[in-house]
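# Results of the structural survey
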Amino acid sequence: MHQKWPWFLAALSGFLIVAAGAFGAHALANTLSPRDLEVFHTAVRYQAWHTLAVMAVLGWQGKQALRGQRLAIWLWFAGMVLFSGSLYLLVLGGMRALGIVTPFGGLLLMAGWLVLAWSAWRQRPATS
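The text that follows walks through the structure, step by step, so that each part is easy to find. Bear in mind the structure is a predicted one, so any value in this text is a computation, not a measurement.

About the criteria used
Residues numbered from 1 in each chain as written. Predicted model: local features only at pLDDT ≥ 70, side-chain atom pairs only at ≥ 80, totals over all residues. Heavy atoms only, no water. 1 Å grid on protein atoms, 1.4 Å probe; cavity = no way out; pocket = protein on both sides within 12 Å on 5 of 7 lines; lining within 4 Å. Points joined across faces, edges and corners; volume = space filled by probe spheres on them. Helix = DSSP H or I, 4+ residues; strand = E, 2+ residues; numbered from the N terminus. Nonpolar A, V, L, I, M, F, W, Y, C, P; charged D, E, K, R; others polar. Phe/Tyr/Trp six-rings, centres within 6.5 Å; stacked < 30°, edge-to-face > 60°. Buried < 20%, exposed > 50% of the residue type's maximum accessible area, 1.4 Å probe, protein only. Patch = residues over 30% accessible without salt bridge, like charges linked within 9 Å, V, L, I, M, F, W, Y side chains within 5 Å. Areas by Shrake-Rupley, 256 points an atom, 1.4 Å probe, with all protein chains shown as cover. Salt bridge = Lys/Arg side-chain N within 4 Å of Asp/Glu carboxyl O. Polar contact = N/O pair within 3.5 Å; in protein donor to acceptor, adjacent residues only side chain to side chain. Contact = heavy atoms within 4.5 Å. Axes fitted to C-alpha atoms, helices over the stretch in contact; angles between N-to-C directions. Parallel < 35°, antiparallel > 145°, perpendicular 65-115°, else oblique. Left-handed = near helix turned anticlockwise from the far one by under 90°.

In this approach the atoms are scanned with a rolling probe the size of a water molecule, which exposes any empty space left behind. Taken as a whole, the largest pocket encloses approximately 250 Å³ of empty space. Along the walls of the largest pocket sit L9, L12, S13, L16, A20, Q47, F77, M80, V81, S84, G85 and Y88, which together make up its complete lining. Every element with two or more residues in the lining of the largest pocket is listed here: α1 (4-27) and α3 (69-93). The leading source of residues in the lining of the largest pocket is α3, at six residues. Partitioning the lining of the largest pocket into residue classes produces eight nonpolar, four polar and no charged.

With that out of the way, let us pick up the packing of aromatic side chains. One pass over the full model with this rule turns up five aromatic pairs. On the basis of an interplanar angle of 85° and a centroid distance of 5.6 Å, the ring pair of W5 and F8 is categorised as edge-to-face. Linking W5 with F8, this pair stays in helix α1, spanning three residues, or about one helical turn. Residue F8 is classed as partly exposed on the basis of its relative accessible area of 45%. Relative to F77, the ring of W74 lies with its centre 5.3 Å away and its plane at 50°, an arrangement referred to as tilted. With a gap of three residues between them, W74 and F77 both fall in helix α3, about one helical turn apart. Residue class for F77 comes out buried when judged on its relative accessible area of 10%.

Take a nonpolar patch on the surface next. Residues W5, F8, L12, F15, L16 and W74 make up a contiguous nonpolar surface patch of about 650 Å² in total accessible area. Among the elements that make up the nonpolar patch, the one with the highest residue count is α1 (five residues). Locating L12 in the fold gives a position in helix α1. Judged by its relative accessible area of 39%, L12 falls in the partly exposed class.

This brings us to the side chain of H50. By the secondary structure assignment, H50 is in helix α2 (residues 34-63). Side-chain polar atoms of H50 contact the backbone oxygen of Y46, separated by 2.9 Å. Excluding anything up to four places from it in sequence, H50 contacts W76, M80, L109 and W113.

What follows concerns the packing of α2 against helix α4 (residues 102-122). One can describe the packing of α2 onto α4 by two numbers: an axis separation of 12 Å at closest approach and a directional angle of 25°. When the axes of α2 and α4 are compared, the pair comes out roughly parallel. The chirality of how α2 crosses α4 is left-handed. For the pair formed by α2 and α4, the contact residues are Y46, H50, A53, V57 and W60 on the first element and L109, W113, L116 and A120 on the second. Looking at the contact of α2 with α4 residue by residue, the classes come out as eight nonpolar, one polar and no charged.

A few words now on the pattern of salt bridges. Counted under the stated rule, the structure contains two salt bridges. A salt bridge links E38 to R35; its shortest N-O distance comes to 3.6 Å. With E38 and R35 both in helix α2 and three residues apart, this pair spans about one turn of that helix. The class of E38 is partly exposed, set by a relative accessible area of 48%. Notably, a salt bridge pairs D36 with R96, separated by 3.1 Å at the nearest N-O pair. Within this pair, whereas D36 is found in helix α2, its partner R96 is found in the loop between α3 and α4, the two being separated by 60 residues in sequence. Classification of D36 by relative accessible area gives buried; the value is 14%. Judged by its relative accessible area of 48%, R96 falls in the partly exposed class.

So this is what it looks like as structure tokens:
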């Protein structure tokens, strides 16, 4: 099973995590309020953990493909965009109205974990 796009997006997300983390630590440390800096770092942290989770599931899928793994990966990508992306824009762009999107991203992240749990519990091999 060819996984070009998920690996590409995970690598791109990893790059963005390092860039955002450095940007937050150096360029934003003296310009944002402590609360906004905390929100920014929350976005980086959630993106980092879910990028690592995507990579772990991609590796697992290479050894044992199960139904639901692919769905969990795409739910996490969508969740990262909505959760972390809305927090980045909220803090950096002053788009406070985007705060309403953040919980939907969080729900997608949680849904990815539930789908993965269900996939592991059911242990039904995926078919290509």
